[in-house]
Every structure is written in structure tokens, then in C-alpha cells.
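# Observations on chain architecture
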Amino acid sequence: MSRFFQRVVSVWLICAIVAAFSPVEAAHAAHPQLSWHRYDEGMTLAMKENKPALIYFFATWCDYCKRMENEVFPDRNVYDLLQKFVLIRVEVDSNRVINEAGKTMTEEKLARMLGVSGTPTFWFREPDGKEIAQMPGFVDREKFSGILQYISEGAYKKMRFSDYLKRWEQGK
């Protein structure tokens, strides 16, 4: 075997080992799966536990949803902050039946009724269901952490998010 070939194999092996222990993979290994609930069950649980609800509207075919699930949710800081919420998943094209305000409907109909027009979309609700905020689209780990912290600390009751973000970024 030539020295050049041995070096190429050695570099490839080192890269494979580094990739195997990348932060995203380590984050997946460090935490159990997130506990997601159906819409109706989650909203009831939010009220019972007096925790805000994070409603994640997604689609199985949505590449940005997959990025949220594979890159953002497993991040150690994001994962820890998500534990402060009742997590609810609504598949925007699912025929899974849920109950909303005494009415039986599919998750697809619920998403349409609520005006969700794209995925991923995040809705934040107080334990009683009152709207806190809506956020469409992919959000990177750092910004998503800031949003989760802003809402879980109740800062949304005292200041605009843009002001909170300035303070948060200065504190880093």
C-alpha cells in the first residue's frame, strides 16, 4: 500500500470518527425523545400543569421540519428549554381525529381553521390557551433558544421580543 493511500485512508478514518461524535449526534444521545402530545390532550395538560404550550405544525414531507427535528430540537440548550413547555404536534395533512372546543375534526382541518399556511409553524399559548405568539418557518438553534427563553421566563408580558433579543445578545 502506498504512503499516499495510507494517508488518505487515515484522514478519511479521522473524519469519520469526528463526524460520529458531532454535537448534533451527541445531543441526540444525551437526551431521551421529546414528549409530544396530540392537540387536545396537550392543551388540557398545559392547563392542568400550568405550563405554556408550544404547538408545532409540521408535515412529514417538509424538509425544514426535518431540519428542526434533527438539528434544532436535539440541541442541549433547546432541549432543556423545551422541557418548560407542554409540547404539541399537529400534522397539517393528517386525518388523525382530535377535539377542539367540543368539535371533532382532523388535524388537517384544525390547521386550516387556525390559518396555518406553511410548515414548520410554531404557536405559543398560555396554559389557558390564550395566544402568546406565532412563528412561521425554520429557526436556527441560537434564535430558537432565545425565543423559548423569552416565553418560558414570561418576558413577553413585560417587553417586546426585539428588546429582549438585544438584552439577550448583549448578555452572551
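Reference entry: report on the structure contained in this document. (Residues numbered from 1 in each chain as written. Predicted model: local features only at pLDDT ≥ 70, side-chain atom pairs only at ≥ 80, totals over all residues. Heavy atoms only, no water.)

With that out of the way, let us pick up the nonpolar core. Grouped burial of nonpolar side chains is what soluble globular proteins tend to show. Ranked by internal contacts, the top residues of the largest apolar core, which has 45 residues, are L54, L82, F122, F124, F144 and L148. Element by element, the count of residues in this core is highest for strand β2 (residues 53-58), at six residues. The contacts of F124, once residues within four sequence positions are left out, are A53, L54, F85, K130, E131, I132, A133, M135, I147, L148 and I151. (Core = buried A, V, L, I, M, F, W, Y, C linked by side-chain atoms within 4.5 Å. Buried < 20%, exposed > 50% of the residue type's maximum accessible area, 1.4 Å probe, protein only. Helix = DSSP H or I, 4+ residues; strand = E, 2+ residues; numbered from the N terminus. Contact = heavy atoms within 4.5 Å.)

With that out of the way, let us pick up helix α4 (residues 63-72). All of the buried residues in α4 are C65, M68 and V72. One side of α4 holds all its buried residues, which, seen down the axis, span an arc of 85°. If you follow the buried residues of α4, they end up packed against β2, α5 (76-82), β6 (121-125) and α7 (141-152). (Arc of directions from axis to C-beta.)

Turning our eyes to something else, we now look at α7. Its twelve residues give α7 an end-to-end C-alpha distance of 16 Å, which sits within 8% of 16 Å, the value for a rise of 1.5 Å per residue. Immediately beyond the C-terminal end of α7, within one or two residues, lies G154, with a positive phi of roughly 75°. (Expected span 1.5 Å × (residues − 1).)

Before going further, it helps to spend a moment on the pairing of strand β3 (residues 86-91). Most of β3 is tucked away, with five of its six residues classed as buried. In terms of strand pairing, strand β1 (residues 36-37) meets β3 through two bridges, oriented parallel. When the sheet's bridge partners are listed, H37 is paired in β3 with I88. Alignment of β2 against β3, held across six bridges, turns out to be parallel. Looking at β3, one finds that A53 is bridged to V86. (Pairing = 2+ DSSP bridges.)

We now examine the pattern of salt bridges. By the definition in use, this model includes eight salt bridges. Each member of the salt-bridge network shares a partner with another, and the members are R38, D40 and E41. (Salt bridge = Lys/Arg side-chain N within 4 Å of Asp/Glu carboxyl O.)

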